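Architecture and fold: a report
Here is what each chain is made of, one letter per residue.
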Amino acid sequence: MIAPKSRCLRVKQAGPGATLQDAGRFGYLRYGVTPAGPMDFAAFRTANLALGNDAGAAAVEIATGGFEVVCEGAPLWLAFAGGAFLWQRDGAGLPPAARIHLKTGERLAARAGTFGAFAYLAAAGGFDTPSVMGSRATHTRSGLGGIEGRMLKEGDLLPVAQAQAVPDFEAAIAAPWLARDCDPIRVVPGPQEDYFSPAARARFFGSEYRLTPAADRMAYRFQGPEIEASQGHDIVSDGVALGAIQIPGDRQPLVLMADRQPTGGYPKLGHVAKADIGCLAQLRPTETCR
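Now for a quick tour of the structure.

Calculation notes
- Residues numbered from 1 in each chain as written.
- Predicted model: local features only at pLDDT ≥ 70, side-chain atom pairs only at ≥ 80, totals over all residues.
- Heavy atoms only, no water.
- Salt bridge = Lys/Arg side-chain N within 4 Å of Asp/Glu carboxyl O.
- Buried < 20%, exposed > 50% of the residue type's maximum accessible area, 1.4 Å probe, protein only.
- Helix = DSSP H or I, 4+ residues; strand = E, 2+ residues; numbered from the N terminus.
- Pairing = 2+ DSSP bridges.
- Contact = heavy atoms within 4.5 Å.
- Axes fitted to C-alpha atoms, helices over the stretch in contact; angles between N-to-C directions.

Here the focus is the pattern of salt bridges. This model, assessed by the stated rule, comprises 16 salt bridges. Between Arg136 and Asp128 there is a salt bridge whose closest N-O contact spans 3.2 Å. Residue classification places Arg136 among the partly exposed positions, given a relative accessible area of 25%. Salt-bridge contacts for Asp216 lead to Arg141; the nearest nitrogen and oxygen are separated by 3.0 Å. Highlighted residues: Asp216 in the loop between β14 (209-215) and β15 (219-223) and Arg141 in the loop between β10 (119-123) and β11 (157-159), separated in sequence by 75 residues. Taken together, the salt bridges that share partners define one network made up of Glu61, Arg217 and Asp259.

This is the structure we're talking about:
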């Protein structure tokens with residue numbers, strides 16, 4: 001457990017998928033340690049930069065299950081951004097992306113809105129949980145980072161570090177880069193592009209794929225026209241990167257996300273361009289993309 005501090009948020013409700021994330025845990029992939037970090041880098045950094053934080057400071061990643069906190073100890077400057085979530089302060093509506101001053105005893109709640117799978121809640125100064133291997137990012141499969149390496153739950157205390165100067169006015173965040181056009185998702189071909197015939201590649205790039213319910217922080221599985229690897233659907237395992245598009249034996253694409261494994265044995269047709277990872281991450285199951 002984390003001991004109470006003078007500046008903190010107490011979690012009153014946390015739906016599945018709510019975790020603490022910073023920019024990620026880097027330098028340990030060769031030892032099998034996944035970087036973790038935010039699913040939507042642009043939204044995560046937007047919330048932090050609205051407060052004058054370092055762009056990679058720890059923030060809460062909120063999934064569609066929602067999230068609610070109460071301010072304890074001292075008032076806090078907070079900012080949030082991401083999908084079109086419904087935000088309320090003590091029951092009063094707020095913009096989908098904003099910087100606010102939450103007074104002691106006030107509640108802030110987020111619920112899934114019309115679109116988007118993730119939103120980010122940052123605090124001026126950043127959340128001050130213990131650093132593990134140089135990062136506060138939560139990776140639940142290995143139990144690293146965040147609070148006890150797990151998803152957040154009711155009763156958790158989120159201590160906040162002392163902030164630098166913050167603009168002392170509330171404001172909606174005008175972030176046109178968050179209203180991204182994701183049709184189509186951009187892809188960098190390779191490294192096993194030669195495993196796929198020109199016809200198979202044309203089918204992949206010319207088709208629409210639907211996100212299945214088998215989607216989480218590790219990988220997004222899609223369903224659509226089958227893509228056959230002419231040289232087989234198994235390779236000698238090699239390192240995988242964020243956005244890798246693997247084509248396993250069921251001939252359906254899956255895209256590796258923030259909690260991806262370090263290596264994989266399926267051929268990779270390409271990689272989602274990092275600039276579009278956030279667009280892809282904000283899809284909900286049954287939604288489509290090209």
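Time to look at the sheet that holds strand β3 (residues 59-62). In space, the 6 strands of this open sheet follow the order β2-β3-β10-β5-β8-β12, with antiparallel pairing throughout. Lying at the two open borders of the sheet, with one neighbouring strand each, are β2 (19-21) and β12 (171-172). Note that strand β5 (residues 76-82) and β10 share 5 bridges and pair antiparallel. Residue pairing across strands places Ala81 opposite Tyr120, the latter belonging to β10. Docked against the sheet, helix α1 (residues 41-49) engages β2, β3, β5 and β10, running at close to 155° with respect to β5.

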